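The lines below spell out each chain.
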Amino acid sequence: MNTSELFDGYGPVAGFDEMFEGTEVRPGYRQVHTSFEKMGADEVRLRADSLASSYLEQGVTFGVEGEERPFPLDIVPRLIEAQDWDHVERGVRQRVLALEAFLADAYGPGELFADRVVPRNTVVTSPHYHRVVAGLEPANGVRVHVAGVDLIRDGHGDFRVLEDNVRVPSGVSYVMTNRRALSAALPEVFADHRIRPVSQYSQHLLSALRKAAPAGVSDPTVVVLTPGVYNSAYFEHTLLARTMGVELVEGRDLVCRSGRVMMRTTQGLEPVHVIYRRIDDDFLDPVQFRSDSTLGVPGIINAARAGHVTIANAVGNGVADDKLLYSYVPDLIRYYLSEEPILRNVDTWRLGEADQREEVLDRLDELVLKPVDGSGGKGIVIGPAASPDELAELRGKILADPRAWIAQPVISLSTNPTLVEDGIRPRHVDLRPFAVHDGDDVFVLPGGLTRVALPEGELIVNSSRGGGSKDTWVLARASDPDDEGDMAPTASPVAGVAQSAGPAFDSQGPDLHVQEQEQQQQQTVSTGSLSTGSLSTGSLSTGSRGGLSTGSRSDAC
Amino acid sequence: MLSRIAESLFWIGRYLERADDTARILDVQMQVLVEDPGMDERTSCEQLLSVMGVEDYTGLPNRWMLLDLLAHNPDSPVSIAAAIGAARESSRRARETLSTDIWAAINTTWRGLSTARAMRPPDMFSWVRNRTAMISGIADSTMSRDDGWHFYMLGRSIERVDMTARLLSTAALASGPQVAWPTTLRACGAYESFIRAYRGIDSDRQAAEFLLLDRWFPRSIVSSLAEAERALNNLESAGQRSGFSDEAQRLLGRARTELEYRPLAEIVFDLPVEMERLQRSCAAASDAVSARYFAESETHTWRGGVVL
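Let us look at the structure shown here. (Residues numbered from 1 in each chain as written. Chains lettered and ligands numbered in written order. Predicted model: local features only at pLDDT ≥ 70, side-chain atom pairs only at ≥ 80, totals over all residues. Heavy atoms only, no water.)

1. Section: helix α7 (residues 201–211) of chain A
- Inspection of α7(A) places A:Tyr201, A:Ser202, A:Leu205, A:Ala208 and A:Leu209 among the buried residues, and these make up the whole buried set. Taken around the axis of α7(A), the buried residues stretch over an arc of 130 degrees, which confines them to a single face. (Buried < 20%, exposed > 50% of the residue type's maximum accessible area, 1.4 Å probe, protein only. Helix = DSSP H or I, 4+ residues; strand = E, 2+ residues; numbered from the N terminus. Arc of directions from axis to C-beta.)

Listed below in structure tokens is the structure:
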């Protein structure tokens with residue numbers, strides 16, 4: 001078979017490649033590799049095209065500067081082996097629990113400041129620290145209902161944490177839609193593997209949200225709060241509301257009345273108990289934050305303080321996303337959980353500390369500089385790729401506000417085979433697993449969103465920078481029961497009931513005798529002597545029906 | 001249900017029906033222009049534009065202008081393209097309540113508009129009819145009969161009354177009724193039903209009667225009014241012992257009974273004027289529905305440019 005041109009020129013990759021070790025295919029990827037080779041380039045492209053058009057039809061989009069774009073999904077899946085996933089899962093869970101403890105402490109007693117784990121100043125100077133929610137005890141103690149932890153694999157293939165997202169992490173909808181689209185595009189490849197399912201995410205989320213309801217509410221009304229159709233993640237908001245079976249509301253659909261949040265329905269105002277908000281803190285409540293916000297709900301924070309409504313994720317979580325705080329997370333894990341961090345951070349310099357700052361300023365051209373409160377790759381400067389002017393400007397910004405920056409070494413993200421113009425080539429990927437905390441347990445969705453940087457050599461994988469995504473397959477352990485996979489349960493055969501058929505519609509078509517009769521009748525129709533009786537007993541083939549209607553039409557006109 | 005979502009569903013029903021009916025009306029007009037030798041193109045296009053409520057246009061109306069203003073031009077608010085675009089935008093806002101199938105069908109239709117533009121007009125009209133029929137079919141078989149459904153049906157029925165009224169005006173205004181009425185019946189998919197109901201004998205008056213008053217044909221004005229009343233009835237949670245507290249119900253019921261109980265000759269005597277009255281009743285009923293069910297959703301609107 002001469003179809004291997006797909007992987008021709010893949011070449012040995014400088015860093016860690018997910019599929020190849022040198023020129024050898026890693027064991028987990030062997031079936032995928034063989035299947036793609038067998039399909040050949042033309043077939044793979046054909047399927048990739050149908051994948052793209054199915055996303056367009058379904059409107060699986062994200063917004064860039066107000067414009068809807070289809071979310072690019074690469075046809076080559078990314079595989080994660082069971083034992084690697086175990087490690088990730090435990091690491092993410094540990095991190096979520098530590099951040100949960102940190103937030104409770106930082107907005108509560110503040111013991112970590114007394115014990116000098118993190119300087120108080122580091123926390124209270126964060127633009128995302130909101131004093132207004134200090135002392136607000138969430139209903140079941142949960143502040144991080146949903147977390148997305150960004151991971152990369154370094155040159156050794158070790159997973160490292162790049163950042164934490166415990167405000168409003170997005171992307172989980174693409175995990176769900178990618179899975180359905182890819183299993184439709186590659187059914188045979190899919191069937192060759194035992195892949196852990198992702199469709200149960202919404203049930204976990206809904207259950208966690210319901211558990212977070214204010215005390216005494218036995219059947220809470222949960223809603224998803226969206227900024228509206230122009231938000232880049234609007235597709236996700238609709239998908240989550242739809243799959244949870246709850247209302248998707250905009251700020252204007254809600255109103256606060258005497259400390260309670262109500263929604264405007266055709267039957268009047270109805271109470272709301274849990275709000276899964278996808279609006280940033282700053283826009284959430286014009287009474288407390290930005291007074292010009294038209295997206296939020298005036299009075300919603302007071303309703304939360306009064307304990308009548310739960311806002312998920314909690315207001316003020318942004319301090320935990322702050323990249324300066326990130327550098328302390330390993331310490332937080334040791335302090336709150338008395339455990340060693342399972343997933344390692346990327347080495348990080350804090351520019352607020354004089355000696356570290358000096359070292360970084362000397363090496364600006366070799367490091368990555370990140371604003372501490374930026375998200376989505378905004379404001380990041382990659383030293384080796386920056387011009388001297390850019391570096392000079394950066395130096396000025398750092399000196400003006402050192403608290404606002406961290407520095408990290410350039411890390412080579414792992415690569416995964418990806419279909420591009422020339423064939424299948426290595427492209428950089430990262431991974432955002434999603435976790436849901438319901439107060440009793442942290443559920444980590446097997447897989448998460450793999451983002452891929454489509455331009456060659458590009459290190460920033462954000463969708464807003466031309467990034468795409470991959471379906472991420474977490475392989476089931478040999479010991480996992482069968483029903484853990486996305487496979488149909490083996491059903492015992494059931495005796496079928498024969499389908500009923502209309503009169504004289506047998507599979508062979510009407511017999512010759514009937515056809516002859518019908519042809520004769522067709523002639524009689526045009527002379528205008530058709531009785532209804534002969535119609536209902538005769539079986540109407542399409543031919544004779546056509547003849548009938550033209551006949552009667554020519555009669556009438 | 002949320003007022004805003006109810007409003008979206010109501011308008012999805014209206015816009016899809018509008019696209020469908022505009023295609024039907026244009027189909028009639030184009031065929032009449034081709035088939036009727038006594039037709040003055042300019043006058044007849046002027047009449048149609050006026051029936052469709054288009055007042056400001058520049059130049060002398062001709063069939064190309066009709067096609068642009070009423071079919072293709074997305075900036076013309078009465079065009080099929082605009083109606084499908086608006087239906088899609090409303091669907092996007094109600095996406096979590098629509099089944100994936102309906103959304104995909106509407107979205108695909110919207111995406112197909114650019115291809116449809118290049119089709120021959122009759123093909124484009126049939127494409128629009130097929131697409132909207134497909135969406136209605138999916139809605140019919142995948143939507144729960146809850147309030148959302150009733151709002152969707154209400155919008156669809158009110159729009160159908162309004163547009164069928166316009167269609168009847170167009171046919172009545174055409175100079176050659178022997179071409180206009182059969183074509184109108186065909187455009188409504190009513191020709192065969194009509195022939196069966198009237199046993200092959202046809203006259204303008206009967207065609208008008210059929211499209212106005214037939215209780216069994218689903219596109220007739222009386223059936224559509226009854227459908228709208230049913231939807232309103234379903235939305236009204238507690239039935240009333242006497243009278244109607246609901247303004248929309250009162251308006252639609254009165255419009256229906258006026259058609260049903262007045263002598264037909266009186267109605268068809270000046271059909272365009274009667275039909276304009278009916279359109280006004282529809283507009284008033286639509287306003288009444290908004291005031292009663294959607295008013296809560298309009299307290300403030302999105303201020304553009306706020307990027308999160």
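Let's pick the thread back up.
2. Topic: the packing of aromatic side chains
Residue and element names in this part refer to chain A.
- Using the criterion set out here, one finds 18 aromatic pairs over all chains in the structure.
- Ring centres 6.3 Å apart and planes at 55 degrees place the aromatic pair Phe7 and Tyr10 in the tilted group.
- Under the relative-accessibility criterion, Phe7 is labelled buried at 9%.
- Relative accessible area serves as the criterion here: at 6%, Tyr10 is assigned to the buried category.
- Aromatic pair Tyr174 and Phe235: ring centres 5.9 Å apart, planes at 15 degrees, arrangement stacked. (Phe/Tyr/Trp six-rings, centres within 6.5 Å; stacked < 30°, edge-to-face > 60°.)

3. Section: the sheet that holds strand β9 (residues 247–249) of chain A
Residues and elements named next belong to chain A.
- Spatially, β9-β8-β13-β14 is the arrangement adopted by the four strands of the open sheet, whose pairing is parallel. Among the strands making up the open sheet, the edge pair consists of β9 and β14 (310–312). Averaged over all neighbouring strand pairs, the angle between strand axes comes to 30 degrees, with direction disregarded.
- Relative to strand β13 (residues 274–277), strand β8 (residues 222–225) runs parallel, the two sharing four bridges. Counted as the bridge partner of Leu225 is Arg277 from β13. (Pairing = 2+ DSSP bridges. Axes fitted to C-alpha atoms, helices over the stretch in contact; angles between N-to-C directions.)

4. Focus: the interface of chain A and chain B
- Contacts between the two partners involve 35 residues from chain A and, on the opposite side, 36 residues from chain B.
- Summed over both partners, the interface of chain A with chain B buries about 3,700 Å², with 49% contributed by carbon and sulfur atoms.
- The interface formed by chain A and chain B holds two salt bridges in total.
- Across the salt bridge formed by B:Arg4 and A:Asp253, the nearest N and O atoms sit 2.5 Å from each other.
- Remark: the boundary between chain A and chain B carries 14 residue pairs in polar contact (both at pLDDT 80 or more).
- If you list the elements that add at least two residues to the side of chain A that touches chain B, you get α1 (30–58), α8 (234–244), β9, β11 (260–265) and α18 (542–556) of chain A.
- The greatest single-element share of the side of chain A that touches chain B, amounting to five residues, is contributed by α8(A).
- Its residues assigned to classes, the side of chain A that touches chain B comprises 17 nonpolar, eight polar and 10 charged. (Contact = heavy atoms within 4.5 Å. Buried area = accessible area lost by both parts, 1.4 Å probe. Salt bridge = Lys/Arg side-chain N within 4 Å of Asp/Glu carboxyl O. Polar contact = N/O pair within 3.5 Å; in protein donor to acceptor, adjacent residues only side chain to side chain. Nonpolar A, V, L, I, M, F, W, Y, C, P; charged D, E, K, R; others polar.)

5. With respect to the packing of helix α1 (residues 3–35) of chain B against helix α15 (residues 271–294) of chain B
Residue and element names in this part refer to chain B.
- For the pair α1 and α15, the least separation of the axes is 10 Å and the interaxial angle reads 155 degrees. Of the possible angle classes, the one that applies to α1 and α15 is roughly antiparallel. Residues Ser3, Ala6, Glu7, Phe10, Trp11 and Arg14 of α1 form the contact with α15, whose participating residues are Ser286, Val289, Tyr293 and Phe294.
- Residues of the contact of α1 with α15, tallied by class, amount to six nonpolar, two polar and two charged. (Parallel < 35°, antiparallel > 145°, perpendicular 65-115°, else oblique.)

Read these as geometric descriptors, not functional statements.
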